[in-house]
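Single-letter residue listing:
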Amino acid sequence: MKKILFHACCAPCSSIIIDWVEDQPFLSGAFYFFNPYIHPYVEFELRLKSFESFMEKKRLGFYIDGTYDIESVIGHNSFGLSRCEQCYKRRLEATADQARKEGYSSFSTTLLVSPYQNHDLIIRLGQEAAKKYSVDFFYHDFRSLFHNGKKNAIKQKLYRQQYCGCIFSEYERFSAEKKQKGSIKQVTRILQKIEDGSNNA
Ligand code: SF4
């Protein structure tokens, strides 16, 4: 039995992976909430509490690291790496470290559900974290299940966030209506490719 620790970005994406894991006879999973760049603090608390109360009703295990790194949130663009690369790297490395300490054979992330995330970058950073912490990175393309998260959230009354997490993503989400429309079209194209079986990511 492969034991996977999934980094959890939020309750709706975790709900998709839970449904998927429950259908896999040779896998078991647990979840690890660690998202220190969510801004503002009220939004961070909403996502954390929503995840916690959702997981308390499930039979799978979970961990919560309530770190809220306001200094890094504010100084995000001063990082040498791109903003999202730094953010993914920190969350994936923390999950790999937690997986190793807790005796899981692999780790992964619910970020692989969203077509809005940089899928290829997540894979590369997951593989690098795996080497660094000597634990396998489990990859599966969950993007075709993305819309189930919305359905689960409505059905189970889960909090649904409007933007990725950091203050920059909040600004991008609410300030640039035209850009947003372009990004929705791009995501629709990615999902269509996955459904057609023509995406190799
Ligand atoms: S947009 Fe999302 S992944 Fe990128 S830095 Fe902000 S919170 Fe992290």
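Owing to the predicted nature of the structure, the values given are computational and were not obtained by experimental measurement.

Draft legend 1. Local environment of the packing of helix α1 (residues 11-22) against helix α2 (residues 41-56). At a minimum axis separation of 9 Å, α1 and α2 run at an interaxial angle of 30°. If you check the angle between α1 and α2, you find them roughly parallel. Residues Ala11, Ser14, Ser15 and Ile18 of α1 lie in contact with α2, whose contacting residues are Ser50, Phe51, Phe54 and Met55. Classifying every residue of the contact of α1 with α2 gives five nonpolar, three polar and no charged.

Draft legend 2. Geometry of α2. Helix length check: α2, at 16 residues, gives a terminal C-alpha distance of 22 Å against a target of 22 Å (1.5 Å per residue), a fit within 8%. Those residues of α2 that fall on the buried side of the exposure criterion are Glu43, Phe44, Arg47, Leu48, Ser50, Phe51, Phe54 and Met55. Along the long axis of α2, the arc covered by the buried residues comes to 160°, so they all point the same way. Exposed and facing more than 90 degrees away from the buried side of α2 are Val42 and Glu56. Looking at the buried side of α2, the elements it contacts are β1 (2-8), α1, β2 (27-33), β3 (62-64) and α6 (146-156).

Draft legend 3. Focus on the site of the ligand. Residues in close proximity to the ligand total 11 residues, the closest being Arg83, Cys84, Cys87, Cys164 and Cys166. Looking at which element gives the most residues to the shell around the ligand, the answer is helix α4 (residues 83-102), with five residues. Considering only residue class, the shell around the ligand consists of five nonpolar, four polar and two charged.

Draft legend 4. Just the pattern of salt bridges, in detail. Counted under the stated rule, the structure contains 11 salt bridges. The salt bridge partner of Arg90 is Asp69, with a shortest N-O separation of 2.5 Å. Taken as a pair, Arg90 in helix α4 and Asp69 in the loop between β3 and α3 (70-74) lie far apart in primary sequence, 21 residues in all. The class of Arg90 is partly exposed, set by a relative accessible area of 25%. Asp69 gets classed as buried once you look at its relative accessible area, which sits at 16%. A salt bridge links Arg124 to Glu128; the nearest nitrogen and oxygen atoms lie 3.0 Å apart. Of the two residues, Arg124 and Glu128 are both situated in helix α5 (residues 119-133); the distance of four residues between them amounts to about one turn of the helix. Here Glu128 falls in the partly exposed class, since its relative accessible area comes to 38%. Within the structure, one salt-bridge network assembled from shared partners comprises Glu85, Arg124 and Glu128.

Draft legend 5. Structural view of the side chain of Ser50. Checked against the element boundaries, Ser50 lands in helix α2. Using a relative accessible area of 13% as the deciding quantity, one classes Ser50 as buried. At 3.5 Å, the side chain of Ser50 and the backbone nitrogen of Tyr159 are in polar contact.

Draft legend 6. Examining the packing of α4 against α5 more closely. Between α4 and α5, whose axes approach to 9 Å, the crossing angle comes to 40°. In this view, α4 runs oblique relative to α5, as classed from their interaxial angle. Between α4 and α5 the crossing geometry is right-handed. Facing Glu85, Tyr88, Lys89, Leu92, Glu93, Ala96, Asp97 and Arg100 of α4, the residues of α5 in contact are Leu121, Ile122, Arg124, Leu125, Gly126, Ala129, Lys132 and Tyr133. A per-class count over the contact of α4 with α5 returns eight nonpolar, one polar and seven charged.

Draft legend 7. Here's a closer look at the pairing of strand β4 (residues 106-109). Side chains Ser106 and Ser108 project from β4 onto one buried face, and the interleaved Phe107 and Thr109 project onto a second face that is buried too. Here four bridges tie β1 to β4, and the two strands are oriented parallel to one another. For Phe6, the partnering residue across the bridge sits in β4 and is Ser108. Sheet analysis places β4 next to strand β5 (residues 136-137), joined by two bridges and oriented parallel. Its bridge partner being in β5, Ser106 is matched across the sheet by Asp136. In this fold, β4 hands off to α5, which returns the chain to β5; that crossover is right-handed.

Calculation criteria
Residues numbered from 1 in each chain as written. Predicted model: local features only at pLDDT ≥ 70, side-chain atom pairs only at ≥ 80, totals over all residues. Heavy atoms only, no water. Axes fitted to C-alpha atoms, helices over the stretch in contact; angles between N-to-C directions. Helix = DSSP H or I, 4+ residues; strand = E, 2+ residues; numbered from the N terminus. Parallel < 35°, antiparallel > 145°, perpendicular 65-115°, else oblique. Contact = heavy atoms within 4.5 Å. Nonpolar A, V, L, I, M, F, W, Y, C, P; charged D, E, K, R; others polar. Expected span 1.5 Å × (residues − 1). Buried < 20%, exposed > 50% of the residue type's maximum accessible area, 1.4 Å probe, protein only. Arc of directions from axis to C-beta. Near = heavy atom within 4 Å. Salt bridge = Lys/Arg side-chain N within 4 Å of Asp/Glu carboxyl O. Polar contact = N/O pair within 3.5 Å; in protein donor to acceptor, adjacent residues only side chain to side chain. Left-handed = near helix turned anticlockwise from the far one by under 90°. Pairing = 2+ DSSP bridges. Right-handed = clockwise from strand over helix to strand, strands pointing away.

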